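Below are the chains, spelled out letter by letter.
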Amino acid sequence: MRVTTERSGMEVEEAGGAPAGGAWPAPLSTRLPRLPSAAEALAWLAYEIERQGRRWTLWTPVAFGSGAGVYFGLPREPQAWLGWAGAILALLLVAAVARWRAGPPATAALVLIACAIGGFSAAKLRTDHVRAPVAPTRGPPERLEGWVVDIASPGQGGRRLLIAPSRIGDWPAKATPIRVRVTLREGYTPSPGEPISLLAVINAPPPPASPGAYDFARDAYFQSVGGVGFALGPPSTWVTDEVAPRRLRLTMRINAVRWSLTRRIIGALGIEAGGLAAAMTTGHDAFIPPDQVNDLRASGLAHITSISGLHMAIVGGFVFLAVRMMIAAWPWLALRIHGKKVAAAVALTAVVAYLVLSGWPPPAERAAITAVIAFGAILVDRQAINLHALALAAMAVMLLQPEAVTQPGFQMSFAATAALVAMAEVWPRTVREINTPWPIRMIQRFGGWVTAAAAASFVAGAATGPFAIQHFNRVSTWGLISNLLVEPISSFLMMPALALGAALAPFGLGQGPLDVAGFSIRLMNDISRAVAHAPYAQFVVASGPGWTLPTAFLGLLILCLWRGPLRWVGLPLALAISLAPKPTPPDVWAAADGAAVAVRSGREAILFRPDVKLFGAELWARRRGLDPSGGEAARDPGFECDHWSCAPKAGAPLKVAAAWNLKRPLQSERLDQICASAELVILRNDFKPNACRAPVVLTGADFARGGSAELWRGPGGSWRVLWAQDVRGRRPWSWGPDLR
């Protein structure tokens with residue numbers, strides 16, 4: 001018998017109790033997706049790990065770099081024996097794995113642990129190996145006599161020389177730095193290899209512009225640059241019978257050839273095109289106009305000026321393709337030699353020659369190692385471009401230069417390359433057309449090339465974005481468009497023409513290729529200028545907390561190296577810098593010597609001395625997400641400034657005053673005025689403790705001990721200060737000469 005239920009109207013059999021149309025509906029608990037049990041989840045995770053196969057070896061350079069990163073993040077320098085002990089322990093772990101042949105999980109764990117310990121030890125041993133004398137923090141002018149090693153990148157003060165000093169004043173030989181970098185303000189620019197003499201103020205390499213900012217002194221330490229300064233007059237010829245060491249003579253001879261080629265390129269193309277051409281050929285960027293540099297940065301094309309992976313890839317790829325095509329065009333030769341391997345050998349030689357011509361800068365060296373491994377893989381019948389070759393290149397770079405893990409160039413270069421290679425792994429393979437008319441085939445190939453180029457630019461930009469935000473705080477809105485427009489120009493026209501022009505220039509045949517390169521550079525400059533001046537071309541983004549950059553790097557590596565759905569776990573990690581809340585920006589910033597001060601007013605940074613320490617002030621402002629274009633404090637209605645000091649007025653955003661006269665004390669009347677009107681007083685000179693009655697007073701002694709400072713105003717007029725030296729710790733590149 002059929003009855004109808006009152007609640008649902010469903011007909012059921014009275015005897016059997018089943019619905020007329022079939023079985024009862026499943027309970028709600030069985031219709032919803034069931035959460036897996038712990039055992040099922042662990043089994044699935046084990047399966048995902050097992051399917052990675054030998055890809056765990058891709059994480060060996062990650063472990064090695066993590067160990068090196070731990071070393072560089074220590075607040076104090078570890079004992080020397082830890083470096084040797086760690087190296088021995090790492091070798092023992094690897095030997096144990098090779099001897100006992102443990103299972104895959106144990107093997108992977110032991111090897112990764114060994115790599116992490118090895119990275120820590122390599123960084124420590126490298127630090128001890130390059131230890132060299134450093135100039136005092138503050139010193140009087142001294143007579144410097146030595147040889148010009150190279151023409152360094154220009155600073156805000158002018159052109160700079162890298163000098164190998166023979167003597168500096170009456171400094172002992174053991175206290176004389178191996179290299180010093182001096183800024184020229186007037187006079188001629190000597191060529192590499194010239195012995196010169198000049199009067200200069202030479203100090204220790206500068207500390208970070210603000211607490212936690214990039215430490216340029218660390219780079220100088222590993223480059224054996226123990227002093228920086230500025231010349232007080234034009235250089236003169238140093239008459240001496242001393243002979244430079246053999247290795248130094250070879251370096252200066254190579255740099256002299258580079259400088260001669262640079263001047264020849266400038267003479268052939270002019271400053272606007274020649275400056276950029278010289279930077280991409282010989283590494284000398286001393287002739288690039290500042291406006292052109294700003295346009296390249298705003299348009300996302302600043303990487304063009306630094307010889308790195310892009311340039312090495314273009315030069316090596318162009319030579320490889322040209323040699324292989326020439327061999328294929330000669331059937332007799334093509335039947336008797338392995339054209340691909342010969343082309344790889346010639347391209348490898350071209351990469352090494354380009355590295356020498358570029359002056360062997362760290363980015364070019366890293367790119368050359370990667371290119372050598374890629375072409376070497378062709379010579380031994382291996383796949384040239386894959387993640388395993390990239391891992392080998394990264395490991396080789398870090399073994400030679402463990403400090404590279406702290407450098408933005410290394411981080412961005414390998415992040416972008418890993419992302420591109422990972423994209424190539426999953427990129428769909430097109431089916432070769434059969435009997436397709438060539439016009440249609442050309443259109444299809446062009447469309448595929450445009451799609452691939454756009455995807456590659458997007459992926460590379462996304463991979464390098466976290467590092468660009470954290471280190472440079474610039475986001476180029478139209479960077480993808482500008483790179484898509486410039487890529488075919490640089491790859492197929494500019495770099496090949498520059499390579500031919502540089503190779504033929506010594507024979508007087510380089511003008512034609514250089515003219516082609518000049519045309520392409522002017523075209524690229526037009527693109528960068530148009531993009532840089534487009535609406536919303538770039539904007540400033542504050543750096544995230546310190547933990548966000550390693551987290552973002554780990555997320556990118558998971559996305560690139562992991563195979564399977566678990567790779568998407570890395571996506572939120574890769575966005576850590578963008579998603580994490582930004583720290584509260586400081587209210588006041590002071591330079592490492594107290595000579596420059598900035599006050600935050602809303603989203604602007606008011607600079608007390610916009611003509612002094614401008615680089616450091618802008619670096620700090622961008623890092624905190626502020627606009628450093630607040631103008632002079634003297635023009636701001638909140639502050640009253642003269643040539644030596646600034647004091648707050650009634651409408652000042654903060655009651656902050658500063659005095660920066662170093663040679664003589666401030667007049668007592670002016671000192672009393674600024675001390676009475678401010679809660680915080682920053683005095684560059686060393687004053688008596690009771691000379692200023694302001695609630696908080698920072699003097700030259702404080703800055704000599706702590707470096708640059710950031711200050712936050714708390715409730716009730718209290719102030720919290722963060723010193724750069726406290727963030728850096730006591731390391732060989734951060735200690736003062738009195739602490740060594």
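Only a predicted model underlies this, so the values are computations on that prediction, with no experimental measurement involved. (Residues numbered from 1 in each chain as written. Predicted model: local features only at pLDDT ≥ 70, side-chain atom pairs only at ≥ 80, totals over all residues. Heavy atoms only, no water.)

## Focus: the nonpolar core
- Formed by 49 residues in total, the largest nonpolar core has its most connected members in Met280, Met312, Phe375 and Leu498.
- At the level of secondary structure, the elements contributing two or more residues to this core comprise helix 7 (246-281), helix 9 (309-328), helix 11 (339-357), helix 12 (362-379), helix 16 (479-504) and helix 17 (511-532).
- If you tally residues by element for this core, the top one is helix 7, at eight residues.
- The residues contacting methionine 280, other than those within four sequence positions of it, are Ile304, Ile307, His311, Tyr354, Met494, Met495, Leu498 and Ile521.
- Core analysis: the next-biggest nonpolar cluster, separate from the first, contains 46 residues, Val130, Ala391, Val421 and Leu557 among them. (Core = buried A, V, L, I, M, F, W, Y, C linked by side-chain atoms within 4.5 Å. Buried < 20%, exposed > 50% of the residue type's maximum accessible area, 1.4 Å probe, protein only. Helix = DSSP H or I, 4+ residues; strand = E, 2+ residues; numbered from the N terminus. Contact = heavy atoms within 4.5 Å.)

## Description of the sheet that holds strand 17 (residues 680-683)
- Strands sit in the order 14-15-16-17-18 across an open sheet of five strands; the sheet is mixed. Here the strands that pair on one side only, and so sit at the sheet edges, are strand 14 (639-641) and strand 18 (696-698). Between one strand axis and the next, the sheet turns through 15° on average, direction left out of account.
- Sheet analysis places strand 16 (residues 656-659) next to strand 17, joined by four bridges and oriented parallel. Bridge pairing in strand 17 links alanine 657 to valine 681.
- The sheet strands contacting helix 22 (residues 668-677) are strand 14, strand 15 (645-648), strand 16 and strand 17, and the helix crosses strand 15 at an angle near 35°. (Pairing = 2+ DSSP bridges. Axes fitted to C-alpha atoms, helices over the stretch in contact; angles between N-to-C directions.)

## What to know about the packing of helix 12 against helix 13 (residues 387-400)
- At a minimum axis separation of 9 Å, helix 12 and helix 13 run at an interaxial angle of 140°. As judged from the angle between their axes, helix 12 and helix 13 are oblique. Seen from above, helix 12 lies across helix 13 with right-handed handedness. Two secondary-structure elements touch here, helix 12 through Arg366, Ile369, Thr370 and Ile373 and helix 13 through Ala389, Leu392, Ala393, Ala396, Val397 and Leu400.
- When the residues that make up the contact of helix 12 with helix 13 are grouped by side-chain class, the tally is eight nonpolar, one polar and one charged. (Parallel < 35°, antiparallel > 145°, perpendicular 65-115°, else oblique. Left-handed = near helix turned anticlockwise from the far one by under 90°. Nonpolar A, V, L, I, M, F, W, Y, C, P; charged D, E, K, R; others polar.)

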